[in-house]
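Breakdown of the fold
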Amino acid sequence: MSNFNPTRVRLVDQVGSNLLVRGNTPIVQKEGRQFMAFDLVVRTINQCLESGATDIHQQMPVSTQLPERFHFVSLSLMSNTGLEGRYLDMETVFFEQHPDKGLVIHDDIEKVINLGLIKENLGKQVEHRVIQRLHQLLNSQLPDPVVVYLHSAAGLDRTGAVVYSYAMRHASYAFQDAIRLNEQSGFRQINNFSLMAVEQYAYYLKRFMGISTVGEAEPVEYNDLAGLSLVEHS
């Protein structure tokens, strides 16, 4: 399991004063102790605000620093079992003890996709369980900005898949352009399971929601996804 890695943090999009930021697990280990690295995550986001534009729209941030008051939402895509479950518990406890700092929302993306495989409606599951929630958070009308920290364990496969899907749904990205976002950010491509899930979501957007900007996207055979995994490698 990866510790928090500042090089995995990127500004993805900005909606008004609200920010979508991607990264990996916000847990660090120091001197044999594991803990939620909230202050380090915030400092890293501020460094990103100072140094670059958002990945999706290539727009410069409204501000080069987060304001004194903001709503931090840790949107975790990780499992709630095993070591990932322990990390999720650490996040949950941290925000329970420090409710003024924000909250954690858990969306186990692997369970969402597996449910879509069982019901053969993967695209619908991703749309209603993940992308709509993300869109609602980013379009929140609150007095203070909302900072959504979207993360999985390594911040590559699951996080990348959701970023690709969000770009197609809400930024008019074509499927072929969306799947280049990881590499444009200096990361490796997402794994085959994640990539095929994104293509199935692209097909859903085009076929059932009439979003033609996704371009060429063919339905994936559900049997092709069987036996593959979203397990990430650093």
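Residues numbered from 1 in each chain as written. Predicted model: local features only at pLDDT ≥ 70, side-chain atom pairs only at ≥ 80, totals over all residues. Heavy atoms only, no water.

Some points on the environment of His135
This is how the line gets drawn: Working definition: helices are DSSP H or I runs of at least four residues, strands are E runs of at least two. Numbering for both runs from the N terminus.
Structurally, His135 is set in helix 4 (residues 122–138). The spacing of His135 and Pro26 is 109 residues in sequence and 22 Å in space, taken between C-alpha atoms.

Here's the deal with unusual backbone geometry
A positive phi angle is found at Glu31, which is not glycine, with a value near 55°. Topologically, Glu31 is positioned in the loop between strand 3 (27–30) and strand 4 (33–36). Phi at Gln58 is positive, roughly 55°, even though this residue is not glycine. Within the fold, Gln58 resides in the loop between helix 1 (38–51) and strand 5 (71–76).

Examining the pairing of strand 3
What counts here: DSSP bridges decide pairing: two strands pair if at least two such bridges lie between them.
In this structure, strand 3 lies alongside strand 4, joined through 4 bridges in antiparallel fashion. Bridge pairing links Ile27 to Met36 in strand 4.

Thoughts on helix 4
As a reminder of what qualifies: One less than the residue count of a helix, multiplied by 1.5 Å, gives the span that helix is expected to have. We define the bend at each residue as the angle formed by axes fitted to the 7 residues ending at it and the 7 residues starting at it. Accessibility here uses a 1.4 Å probe with only protein chains present; expressed as a share of the type maximum, an area under 20% marks a residue as buried, one over 50% as exposed, and anything in between as partly exposed.
Given a rise of 1.5 Å per residue, 17 residues ought to cover 24 Å, and the 23 Å separating the end C-alpha atoms of helix 4 matches this to within 8%. At Ile131, helix 4 shows its strongest bend, of approximately 35°. The set of residues buried in helix 4 consists of Leu122, Gly123, Gln125, Val126, Glu127, Val130, Ile131, Leu134, Leu137 and Leu138.

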